[in-house]
Amino acid sequence: MTATREQTPDPSLQGTDYNFSIKQALTGAQMLFVAFGALVLVPLLTGLDPSVALFTAGLGTLIFQIVTRGQVPVFLASSFAFIAPIIYGVQTWGMAATTGGLAAAGLLYVVLSFAIRAFGSGFLHKLLPPVVVGPVIMVIGLSLAPVAVNMATGLAGDTQIMPRNTALLLAAIALGTTMLTAILGRGIMRIVPILVGVAVGYIAALVIGTITGESLISTAAIADAPWFDVPNFVAPEFNLAAILFILPVAIAPAIEHFGDILAISNVTKRDYMEKPGIQNTMLGDGLATAAAGLLGGPPNTTYSEVTGAVTLTRAFNPAIMTWAALFAIALSFVGKLSGALSTIPMPVMGGIMILLFGMVTVVGLSVLSKLGEALSEARNMVIISTVLIIGLGGLTLQFGEGFTLAGIGLSGVAGLVLNLILPKQRD
């Protein structure tokens, strides 16, 4: 870090004003490299097309830059908060209806951005305080625990795709590598632990397969895929039940957006909450997510990994993210890349998911820690416990024939309503 700061600054990288030139192309590619692991994990876990996710990440980042007039150096890509709702939505209503619900979640951000313009940013914190947002984020992480464990043990539905012990070995190698890279890694390595974990797990699968004679990786998908291929875009359907199920999930990422903008403001020493304004960054995030849903991609969110890379490289010029977006769009048309991603053994992904889903839960705990001593107040304990049990217990409410509210969505609504109707704690 010290050596980086002592280097002669490159004006094309160091300035905080938008300045697009060919000199930033390599740095832009590096930013995409940092985001790549998490970006493609969401579609690989949910059944969406990784190529579509790459395209919508690039498109979403460009939309965000247009809305914010190229003032904020952030990269937008797949949001982990929506993994469980996407999986449930696809199983219940199908892919098209689920992506329609994701587009509606983006429009909710748009509505919030206009509400911020009208009432100020403080209203959102009053409507969604830590006592509501914290347990909802925890539900998102904990509800995905069975998914991670099943993947790590090689279980796909009721089918054991590889011997359990072999699957657990691969998962342990990928998990251990990701952990050690995150803890001991230096420089750029510390912010790409997912990529390192996947790479080492993939190599381990090749080695173990050679030793045991088992076929752990099939390269047929790579051979069959063309070099140039149009992403498998999905036209959305607007199903009211799917929309109302997914909308409450957007509560947590909406609040997280504030933290991401504050983080990049601290890095660049510019107050993006004021200029371009949180209302405009929220609008850009919402339009990017809506566009992703309309094309069949996962919802977008600002990536903290890329913010870490910006901190490390001192590359504050927002035009660098334009290059990252253009590279993402270009890679989305490389069919061989999508084929290669599909060959990653499921237990390798499962090992990494054990860590990542747990970290989502820890984020929820950190939000709750902001309550301090107020965490032990009866009112807050009532809200937190109710949200957790409803979200993790599988409670389902049926309204009419076509509308069901369950899981994360129901827990989010419950927390919101309880926070509004329960009386304040008496002194």
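Residues numbered from 1 in each chain as written. Predicted model: local features only at pLDDT ≥ 70, side-chain atom pairs only at ≥ 80, totals over all residues. Heavy atoms only, no water.

Scanning the protein chain for helices and strands turns up 21 helices and six strands. A compact globule built from 427 residues would reach a C-alpha radius of gyration of about 22 Å, and the protein chain, at 21 Å, matches this within 12%. Along the first, second and third principal axes, the C-alpha atoms of the protein chain reach 65 × 55 × 40 Å. For the protein chain, the residues scored as buried account for 55% of the 427 residues in total. (Helix = DSSP H or I, 4+ residues; strand = E, 2+ residues; numbered from the N terminus. Rg over C-alpha atoms; globule rule 2.2 N^0.38 Å. Buried < 20%, exposed > 50% of the residue type's maximum accessible area, 1.4 Å probe, protein only.)

This part takes up helix H10 (residues 164-184). Taking 1.5 Å as the rise per residue, H10 with 21 residues should run 30 Å; its terminal C-alpha atoms sit 30 Å apart, in good agreement. Taken together, the buried positions of H10 are occupied by Thr-166, Ala-167, Leu-170, Ala-171, Ala-174, Leu-175, Thr-177, Thr-178 and Thr-181. Viewed along the axis of H10, the buried residues span an arc of 165°, placing them on a single side of the element. Every exposed residue of H10 that faces more than 90 degrees away from the buried side is listed here: Asn-165, Leu-180, Ile-183 and Leu-184. Where H10 is buried, its residues meet helix H9 (145-152), helix H11 (193-212) and helix H19 (346-368). (Expected span 1.5 Å × (residues − 1). Arc of directions from axis to C-beta. Contact = heavy atoms within 4.5 Å.)

If you walk through the whole model with that rule in mind, you get eight aromatic pairs. Judged by centre distance (5.6 Å) and plane angle (55°), the ring pair of Trp-93 and Phe-245 falls under tilted. Taken together, the positions of Trp-93 in helix H5 (residues 83-93) and Phe-245 in helix H13 (residues 240-246) put the pair 152 residues apart, joining distant regions of the chain. The same class applies to Trp-93 as to Phe-245, namely buried. (Phe/Tyr/Trp six-rings, centres within 6.5 Å; stacked < 30°, edge-to-face > 60°.)

To continue, consider the layout of surface pockets. Approximately 1,200 Å³ is the volume attributed to the largest pocket. Forming the boundary of the largest pocket are 44 residues, of which Glu-256, Ser-304, Met-359, Val-360 and Val-363 lie nearest the centre. When residues of the lining of the largest pocket are traced back to their parent elements, those giving at least two are helix H3 (25-46), helix H8 (130-143), H10, H11, helix H14 (251-268), strand E4 (300-302), helix H16 (304-313) and H19. The greatest single-element share of the lining of the largest pocket, amounting to eight residues, is contributed by H14. A per-class count over the lining of the largest pocket returns 29 nonpolar, 10 polar and five charged. Estimates place the volume of the second largest pocket at around 370 Å³. Lining the second largest pocket are 17 residues, and of these Ala-84, Pro-85, Ile-87, Tyr-88 and Ser-143 sit closest to its centre. (1 Å grid on protein atoms, 1.4 Å probe; cavity = no way out; pocket = protein on both sides within 12 Å on 5 of 7 lines; lining within 4 Å. Points joined across faces, edges and corners; volume = space filled by probe spheres on them. Nonpolar A, V, L, I, M, F, W, Y, C, P; charged D, E, K, R; others polar.)

Following both chains from N to C, one finds H10 and H19 inclined at 45°, their axes separated by 7 Å at the closest point. As summarised for this structure, H10 and H19 are arranged oblique, according to the angle between their axes. Handedness of the crossing formed by H10 with H19: right-handed. Taken together, the residues of H19 that come into contact with H10 (itself represented by Ala-167, Leu-170, Ala-171, Ala-174, Leu-175, Thr-178 and Met-179) are Pro-347, Val-348, Gly-351, Ile-352, Ile-354 and Leu-355. (Axes fitted to C-alpha atoms, helices over the stretch in contact; angles between N-to-C directions. Parallel < 35°, antiparallel > 145°, perpendicular 65-115°, else oblique. Left-handed = near helix turned anticlockwise from the far one by under 90°.)

The subject of this paragraph is the nonpolar core. Core analysis: the biggest nonpolar cluster contains 112 residues, and Met-31, Leu-39, Phe-75, Phe-80, Phe-82 and Met-353 have the highest contact counts within it. Here this core gets 11 residues from one element, more than from any other, and that element is H3. If near-sequence neighbours (up to four positions away) are discounted, Phe-82 is found in contact with Leu-102, Ala-105, Tyr-109, Ile-246, Val-249, Ala-250, Pro-253 and Pro-299. (Core = buried A, V, L, I, M, F, W, Y, C linked by side-chain atoms within 4.5 Å.)

Together, Met-179, Leu-180, Ile-183 and Leu-184 make up a nonpolar patch on the protein surface, roughly 430 Å² of accessible area in all. Assignment of secondary structure puts Ile-183 in helix H10. Of the residues examined, Ile-183 reaches a relative accessible area of 61% and is grouped as exposed. (Patch = residues over 30% accessible without salt bridge, like charges linked within 9 Å, V, L, I, M, F, W, Y side chains within 5 Å. Areas by Shrake-Rupley, 256 points an atom, 1.4 Å probe, with all protein chains shown as cover. Salt bridge = Lys/Arg side-chain N within 4 Å of Asp/Glu carboxyl O.)

Mapped onto the elements of the fold, Thr-322 is located in helix H17 (residues 319-331). When its relative accessible area of 8% is taken as the criterion, Thr-322 is described as buried.

With that settled, consider the environment of Gly-284. Within the secondary structure layout, Gly-284 lies in helix H15 (residues 273-295). In sequence terms Gly-284 and Thr-301 are 17 residues apart; their C-alpha atoms lie 10 Å from each other.

Helices that pack against each other are described as a pair by the angle of their axes relative to one another and the distance between those axes. One way to put it is that helix H20 (residues 378-393) packs onto helix H21 (residues 407-421) with a least axis distance of 8 Å and a crossing angle of 160°. Here H21 runs roughly antiparallel to H20, going by the angle between their axes. Both H20 and H21 take part in a crossing whose hand is right-handed. Of the residues in H21, those touching H20 at Arg-379, Ile-383, Thr-386, Val-387, Ile-390 and Gly-391 are Gly-407, Leu-410, Ser-411, Ala-414, Gly-415, Leu-418 and Asn-419. Of the residues belonging to the contact of H20 with H21, the class tally is six nonpolar, six polar and one charged.

Confidence in the prediction for the protein chain averages 86 pLDDT; 95% of positions are at 70 or higher. Across residues 1-9 the pLDDT falls below 50, and counting only partners more than four positions away or on other chains, this stretch makes seven contacts in the model. (pLDDT = per-residue confidence, 0-100.)

Let us now look at H19. If you check H19, its first and last C-alpha atoms are 33 Å apart, about what 23 residues at 1.5 Å a residue would give, namely 33 Å. At Met-353, H19 shows its largest bend, some 30°. (Bend = angle between axes of the 7 residues up to and from the residue.)

On to unusual backbone geometry. Here the amide bond leading from Lys-275 into Pro-276 is cis, since omega sits at 10°, within 30 degrees of zero. Relative to the helices and strands, Pro-276 resides in helix H15. We note that Lys-269 has phi near 65°; this positive angle belongs to a residue other than glycine. Here Lys-269 lies in the loop between H14 and H15.

Looking now at the environment of Ala-225. By the secondary structure assignment, Ala-225 is in the loop between helix H12 (220-224) and H13. Separated by 134 residues in sequence, Ala-225 and Met-359 have C-alpha atoms that sit 34 Å apart.

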